[in-house]
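Residues per chain are reported as follows:
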Amino acid sequence: DREPLPYEDIRPDDATYIQRVWREVDIHEKLNLPFSYKANTEGGDQLFINMLLNAIKKEEITAFDARVDDRFSTPMAFKDIAEMIIGKPKNKRVPDYVNDPNGDQGLMKDTVVPGEYNPDLIERYWIKEDWIYDKESSRLYARIIGIAPILTLKTENNTFFSIQPLFWVYYPDLRPMLARSDV
């Protein structure tokens, strides 16, 4: 039943300076270790990426396609996100133990091997935010606009290849879910 704290009210006339900032949060840094918490319960004690994926799957929040833009314009289905994280199934040749129980003849058969979900490949998050200076209170306020998990792509021999943003989540829509979750 917890609700997020309301934002401080800033009148548009008092906002004399607004700066859009993009940050990259690396979960391997000591300050960001709560993003990589390994427990898995329904009370919120789980990986941050799992919390995001569960909320998208339950349709509590909407994911937006990061391949299009960062303006939350193109909604993305959960199956598309799963395909990006897991990958498409691959055909592989494996020993045929039905027709060759001992493996003496070297008979092989084609089989479909599904991809595997590895949350450890989400090592970074991009955060889009606005910094607003309020001349009335002489304070600087930060407003997070969106969060995008970044997938680390690796080659077959497990070396770094590239990074790919998976999706954007509009942060004001995400706040109620985060308020209900324990950290």
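Look up a bit, the structure's there.
Just so it is clear, the model here is predicted, and its values are computed rather than measured.

Chemist: Is there a simple way to think about the packing of helix H1 (residues 48-57) against helix H2 (residues 78-86) in this case?
Modeler: The angle between the axes and the distance between the axes are what describe a pair of packed helices. With their axes 10 Å apart at the nearest point, H1 and H2 run at an angle of 150° to one another. The angle between H1 and H2 places the two elements in the roughly antiparallel class. The interaxial crossing formed by H1 with H2 has left-handed handedness. Counting all contacts with H1, which are made through Leu 53, Ile 56 and Lys 57, the residues of H2 involved are Phe 78, Ile 81 and Ile 85. The residue makeup of the contact of H1 with H2, split by class, is five nonpolar, no polar and one charged.

Chemist: Can you help me understand the packing of aromatic side chains in this one?
Modeler: With the rule as written, the count across this model stands at six aromatic pairs. Here Phe 48 and Tyr 125 contribute two aromatic rings whose centre-to-centre distance is 5.2 Å and whose plane-to-plane angle is 75°, an arrangement assigned as edge-to-face. Taken together, the positions of Phe 48 in helix H1 and Tyr 125 in strand E6 (residues 122-134) put the pair 77 residues apart, joining distant regions of the chain. An identical accessibility class is assigned to Phe 48 and Tyr 125; each is buried. Measuring from ring centre to ring centre gives 5.7 Å for Phe 64 and Phe 72, while their planes differ by 75°; the resulting arrangement is edge-to-face. Comparing Phe 64 with Phe 72 shows no difference in burial state: the two are buried. These aromatic residues form a ring-pair network of at least three members: Phe 64, Phe 72, Trp 168 and Tyr 170. The lysine or arginine in question, Arg 175, covers the ring of Tyr 7, its NZ or CZ lying 4.2 Å from the ring centre.

So, how was this worked out
Residues numbered from 1 in each chain as written. Predicted model: local features only at pLDDT ≥ 70, side-chain atom pairs only at ≥ 80, totals over all residues. Heavy atoms only, no water. Axes fitted to C-alpha atoms, helices over the stretch in contact; angles between N-to-C directions. Helix = DSSP H or I, 4+ residues; strand = E, 2+ residues; numbered from the N terminus. Parallel < 35°, antiparallel > 145°, perpendicular 65-115°, else oblique. Left-handed = near helix turned anticlockwise from the far one by under 90°. Contact = heavy atoms within 4.5 Å. Nonpolar A, V, L, I, M, F, W, Y, C, P; charged D, E, K, R; others polar. Phe/Tyr/Trp six-rings, centres within 6.5 Å; stacked < 30°, edge-to-face > 60°. Buried < 20%, exposed > 50% of the residue type's maximum accessible area, 1.4 Å probe, protein only. Lys NZ or Arg CZ within 6 Å of the ring centre and 35° of its normal.

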